[in-house]
Amino acid sequence: MAETVLETRGLTRDFGPFRAVDGVSLSVRRGTITGLIGPNGAGKSTLFNMLTGELRPSAGSVHLNGRDVTGLSPDAMFAAGMGRSFQIPRPFARMSVLENVMLAPLAQIGESLLGPFLSRKAMRAQEDAIRAKALSVLEFVTLGHLADHPAGKISGGQMKLLELARVLMGDPELILLDEPAAGVNPTLTGILIERIEELNRQGKTFVIIEHDMDFVMAHCDPVIALAEGRVVFEGTAAESQSNPILLDAYLGAMSDD
Amino acid sequence: MIGVLSYLVFFSTVAAILSIAVLGLNLQWGNTGLFNGGVAAFFGAGAYGTLILARPAQEAQFGGFDIPYLVALAGGMAVAAALAWVVGRLTLRLRHDYLAIATFGVAVAFENVMRTTEWLSGGARGVRGFQRPLQDVIGAGLTYNLALLAFVLVLLALTYLFLERLVASPFGRLLRAIREDETAARSLGKSPARIRLTAFVAGSAIMGLAGGLYATTYAFISPQDILPILTFQIWAMLIVGGAGNNRGAILGAFTIWAAWTSSGWLLSRFAPSEAQLYTGTIQYILIGLVIVGMLLWRPQGLFPEKLVVSQSGRTNKPTKAGSVPS
Ligand SMILES: Nc1ncnc2c1ncn2[C@@H]1O[C@H](COP(=O)(O)OP(=O)(O)OP(=O)(O)O)[C@@H](O)[C@H]1O
Ligand SMILES: [Mg+2]
């Protein structure tokens, strides 16, 4: 398989006169945990939203495994093998944690109006398999004991684990996580990192937006830095620490506030 | 004695018919989060559709197809579904309050069209000439009304069972996910637009069934029967019963219909004669108070929605923590 999972060319997004992402060309190597860093407002989440089809690029293109997927809808992106979490978690609040996870598998037999009536047996068998897998994925992210709780009533950190679990049900090869550790207590962060590294060993590629430099230093390689919508640095996490352009960008963003 | 029994039969028939409409709304709002502010239009489409298809030939009136009753009833549902499909294609991109306003407008327009198209709907006088099925065999008395009640109850049961199985299926899960967070559902590979339209059309077809049965019961339908108050009544029933719970929808329909009819009777019986003129208005206010009170003190309704949990199916032993899902 090709080295590169994901590639962007000149990816740009304008909000009115404001250019949030400005000609980003980058590539993500298969099997890496790539860190995406940069000050607040650098355009990281906007970039994610273009990669996952949530936002249409104003210019440029996105390629997944060499295939041009620019402008595909989010559901098509998930089907194409790209899963994501959100900076602010989006649980299906009034559904159980288990149901949140059972939703995700693609092409479920009972997902049409008449499916539950016309293919009852096949649907039941598939439901049993999905339920079993969902419970094991929930155990994997240590949420097994919360399976029957409403997803809106678990902690913010648990919601981040839940989002990871949902994504895993679709078995994507590339997983984009937007600030998975932000606002999460150290215990849960530890679990999350362990799980990410375990999945990475199994071959999944991650792109992780993260502000916590200790996290990035310890777990991300390579690191890509954005500032004011542009890529200002690519290299190892350690190098990024001493990069003058990046330091400037962070200082600049701080004095802007 | 016979009088009371007849009345109870009649009351139950209407309440069961309204229950069917509330179940349709529950599919749309309770499960999918679609705010249909024009229930009366889809109810009306089923009512007019059924009667117009089934009525005998009449001078200057569209119809006279000699269609068997059950086919006409299904035809009424199809008319409601078709209306919902068109409205849905045009409005489902509008979320929440906008959808509510747009569908409310559709209901007002529908009532006006029915009021003015004499050749089709009989205009303000309503659809006449319809003969209730099997009436010449059974006769028009209490026996007939009991048979009609049984027929309506069978359809209510079928609708209930259909929806219960539906919401317990992956389709129901999808509806709830779209209700809770469409963006998240899309990010997990689902396409909400199609599903929303499906739920809207199916729910409206069910309202159309209710409309068809209602018109059958009275052997008549007119614009007076599909005023906005009907939409409010159906909504009150769902809110009181419990959005997201089909048993709650039925309980709400019976409760509110009992409250509505008894308040009407009490007002006409005991209110001072100057107030008699305003009976309808007072009932409107009462129903408004019930909706507001419920939303304030028990927003989940009498029967709240139930969480789908792991024990609902056959239980599966989760594998050991830390093992890798495959
Ligand atoms: N929908 C939008 N409309 C207008 N401006 C937007 C929109 N979304 C983002 N922006 C702007 O684009 C810029 C980049 O935002 P983005 O959320 O991508 O930053 P970020 O790098 O993820 O920041 P943070 O680290 O704070 O999450 C910001 O200035 C933001 O205000
Ligand atoms: Mg962000």
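Residues numbered from 1 in each chain as written. Chains lettered and ligands numbered in written order. Predicted model: local features only at pLDDT ≥ 70, side-chain atom pairs only at ≥ 80, totals over all residues. Heavy atoms only, no water.

1. What about the site of ligand 1?
All names here are of chain A. Under the convention used in this document: Proximity criterion: a residue is near a molecule or strand once any of its heavy atoms comes within 4 Å of it. A 3.5 Å cut-off defines polar contacts: any pair of N or O atoms within that distance qualifies, except that in protein one atom must be a possible hydrogen donor and the other a possible acceptor, and neighbouring residues in sequence count only when both atoms are side-chain atoms. Using a 1.4 Å probe, accessible areas were evaluated by the Shrake-Rupley method; residue-level cover was limited to the displayed protein chains.
With respect to spatial proximity, 14 residues lie near ligand 1, and among them N40, K44, T46, Q87 and H211 are the closest. In the model, an oxygen atom of ligand 1 is placed 3.2 Å from a nitrogen or oxygen of the A42 main chain. In this structure, G43 approaches ligand 1 through a main-chain N or O atom, which is 3.0 Å from an oxygen atom. In isolation ligand 1 has 630 Å² of accessible area, and contact with the protein removes 61% of it.

2. Describing the domain arrangement of chain A
Reports of interface size often rely on the accessible area that becomes lost once the parts have come together. Residue and element names in this part refer to chain A. For clarity, the cut-off: How far each domain reaches was decided by an automatic or database domain assignment. What gets called buried area is simply the loss in accessible area from a 1.4 Å probe that two parts show on being joined, summed for both. The salt bridge definition used is simple: a Lys or Arg side-chain nitrogen within 4 Å of an Asp or Glu carboxyl oxygen. Note on conventions: DSSP H or I runs of at least 4 residues are helices, E runs of at least 2 residues are strands, and numbering of each starts at the N terminus. Each residue is assigned to one class: nonpolar for Ala, Val, Leu, Ile, Met, Phe, Trp, Tyr, Cys and Pro, charged for Asp, Glu, Lys and Arg, and polar for all the others, Gly among them.
What the domain assignment reports for chain A is domain 1 (1-81 + 172-257) and domain 2 (92-169). Across the domain 1/domain 2 interface, buried area totals approximately 1300 Å², and carbon plus sulfur atoms make up 81% of it. Taken as a group, F78, L188 and R195 account for 38% of the area that domain 1 buries against domain 2, more than any other trio of residues on that side. Applying the counting rule to domain 1 against domain 2 returns zero salt bridges. On the surface where domain 1 and domain 2 come into contact, there are two residue pairs in polar contact (both at pLDDT 80 or more). The set of elements that each furnish at least two residues to the side of domain 1 that touches domain 2 consists of α2 (74-79), β7 (174-178) and α7 (186-201). With six residues, α7 is the largest single contributor of residues to the side of domain 1 that touches domain 2. Within the side of domain 1 that touches domain 2, the residues separate by chemical class into 13 nonpolar, no polar and five charged.

3. Side note on unusual backbone geometry
Glycine aside, residues mostly have negative phi angles, and peptide bonds mostly take the trans form. Here is the rule: Exposure classes here rest on a 1.4 Å probe applied to the protein chains alone. A residue is buried below 20% of its type maximum, exposed above 50%, and partly exposed in between.
Between A:D221 and A:P222 the backbone carries a cis peptide bond, its omega angle lying at 0°. With respect to the helices and strands, the residue A:P222 is situated in the loop between α8 (213-219) and β9 (223-227). Unusually for a residue other than glycine, A:N65 sits at a positive phi of about 50°. One can find A:N65 in the loop between β4 (59-64) and β5 (67-68). Overall, the relative accessible area of 36% leaves A:N65 in the partly exposed class. The backbone of B:A219 shows a phi angle near 50°, a positive value even though the residue is not glycine. The residue B:A219 is located in the loop between α10 (192-218) and α11 (228-241) in this model.

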